[in-house]
Amino acid sequence: MTVKRLGPAELHAGADELAGLLTDTVDGGASIGFLAPLGHAAALAWWRERADEVAAGRHAVWTAHVDGRLLGTVALAFPDKPNSRHRAELVKLMVHRDGRGQGVGRTLLAAAETAAAAAGITLLHLDTETGSPAESLYLSAGWTRIGAIPDYAAAPSGELRPTTIFYKRLGALADGS
C-alpha cells in the first residue's frame, strides 16, 4: 500500500478518481456529509474545492493506493483561529468498498496522526456516525470517545442519525509529559 500526501496540483489532477471514491463511499452508506445518490459532478466539484483548501493550508489530504488503485483517503482540517492552532479535525476518512478489511483505514489514520504530531499538533478530534464500523477503528487506535449527539446528521438515506465525538492527544501530551 502506498500512502501519499497530496498538494493542490496533485489533488486537482486526481479529482476525478477521488470523486469516484467519494460516490462509492456514499453509495456504500457511509455518513460523511452527503446524501445519496451523489452524482459524480457534485463529488468532483467538492474535491476541487478541497484543492483550494489545501493550497491555503487549511486542509491536508492523503490517499492510499493498492496496486495503483485508489482505495482510500483522509484529511486534516486546521482551524484558522490563533487560540486553536494546536489542534486539527480528522475529516473524511473514506475507504472504497473493495478495500475494506485490508487495513486501508488504519494505515491512513496512522499517516494523518503521524503528520499531525510532526507538525506540532497535540490534539485531534472527529465525529463519526454512532454505531458505524469507524467507531471500532477509532477505539482500537487509541481514540477517546466523549459521547454522542442524537439526530446530528442525516445518513446518505436521509435518516437522522446520532454522531459520536472522539479525540486523541498526540506528542508530549499523549505520553503525559
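As a starting point, this report considers the structure included with it. (Residues numbered from 1 in each chain as written. Predicted model: local features only at pLDDT ≥ 70, side-chain atom pairs only at ≥ 80, totals over all residues. Heavy atoms only, no water.)

## Brief notes about the side chain of threonine 130
Phase 1 of the analysis: Positionally, threonine 130 belongs in the loop between strand E5 (123-129) and helix H5 (133-140).
Phase 2 of the analysis: Classification of threonine 130 by relative accessible area gives buried; the value is 18%. (Helix = DSSP H or I, 4+ residues; strand = E, 2+ residues; numbered from the N terminus. Buried < 20%, exposed > 50% of the residue type's maximum accessible area, 1.4 Å probe, protein only.)

## A short note on the packing of helix H2 (residues 15-27) against helix H3 (residues 40-55)
Angle between the axes and distance between the axes: these two values describe a pair of packed helices.
Phase 1 of the analysis: Following both chains from N to C, one finds H2 and H3 inclined at 120°, their axes separated by 8 Å at the closest point. In this view, H2 runs oblique relative to H3, as classed from their interaxial angle. The way H2 lies across H3 gives a crossing that is right-handed. Of H3, the residues touching H2 (which contributes Ala15, Asp16, Leu18, Ala19, Gly20, Leu22 and Thr23) are His40, Ala43, Leu44, Trp46, Trp47 and Arg48.
Phase 2 of the analysis: Among the residues forming the contact of H2 with H3, the class breakdown is eight nonpolar, three polar and two charged. (Axes fitted to C-alpha atoms, helices over the stretch in contact; angles between N-to-C directions. Parallel < 35°, antiparallel > 145°, perpendicular 65-115°, else oblique. Left-handed = near helix turned anticlockwise from the far one by under 90°. Contact = heavy atoms within 4.5 Å. Nonpolar A, V, L, I, M, F, W, Y, C, P; charged D, E, K, R; others polar.)

## What about the environment of serine 140?
Phase 1 of the analysis: Examined against the element boundaries, serine 140 turns out to sit in helix H5.
Phase 2 of the analysis: For the pair serine 140 and arginine 106, spaced 34 residues apart in sequence, the C-alpha to C-alpha distance is 9.4 Å.
Phase 3 of the analysis: At 2.6 Å, the side chain of serine 140 forms a polar contact with the side chain of arginine 106. (Polar contact = N/O pair within 3.5 Å; in protein donor to acceptor, adjacent residues only side chain to side chain.)

## Things to note about the environment of alanine 116
Phase 1 of the analysis: For alanine 116, the location among the structural elements is in helix H4 (residues 104-118).
Phase 2 of the analysis: Once the C-alpha coordinates of alanine 116 and phenylalanine 78 are considered, the two residues, 38 residues apart in sequence, prove to be 10.0 Å apart.
Phase 3 of the analysis: Setting aside its immediate chain neighbours within four residues, alanine 116 contacts Leu76, Ile121, Leu124 and Leu170.

## Topic: the pattern of salt bridges
Phase 1 of the analysis: Considering all chains together, one arrives at nine salt bridges under this definition.
Phase 2 of the analysis: One salt bridge connects glutamate 113 with lysine 168, and the closest N-O pair in it is separated by 2.9 Å. On the criterion of sequence distance, the pair formed by glutamate 113 in helix H4 and lysine 168 in strand E7 (residues 160-169) is long-range, its members being 55 residues apart.
Phase 3 of the analysis: The class of glutamate 113 is buried, set by a relative accessible area of 12%.
Phase 4 of the analysis: Taking the shortest distance from any N to any O, the salt bridge between arginine 161 and glutamate 129 comes out at 2.6 Å. Remark: glutamate 129 occurs in strand E5 and arginine 161 occurs in strand E7; sequence separation between them is 32 residues.
Phase 5 of the analysis: Here glutamate 129 falls in the buried class, since its relative accessible area comes to 14%. (Salt bridge = Lys/Arg side-chain N within 4 Å of Asp/Glu carboxyl O.)

## Thoughts on the pairing of E5
Phase 1 of the analysis: Summarising the sheet, strand E4 (residues 87-95) and E5 pair through three bridges and their orientation is parallel. Within the sheet, the bridge partner assigned to arginine 87 lies in E5 and is leucine 123.
Phase 2 of the analysis: Following the backbone out of E4, through H4 and into the adjacent parallel E5, one traces a crossover that is right-handed.
Phase 3 of the analysis: Note: E5 against E7, seven bridges, orientation antiparallel. (Pairing = 2+ DSSP bridges. Right-handed = clockwise from strand over helix to strand, strands pointing away.)

Everything listed here is a matter of coordinates, which is why it stays silent on function.
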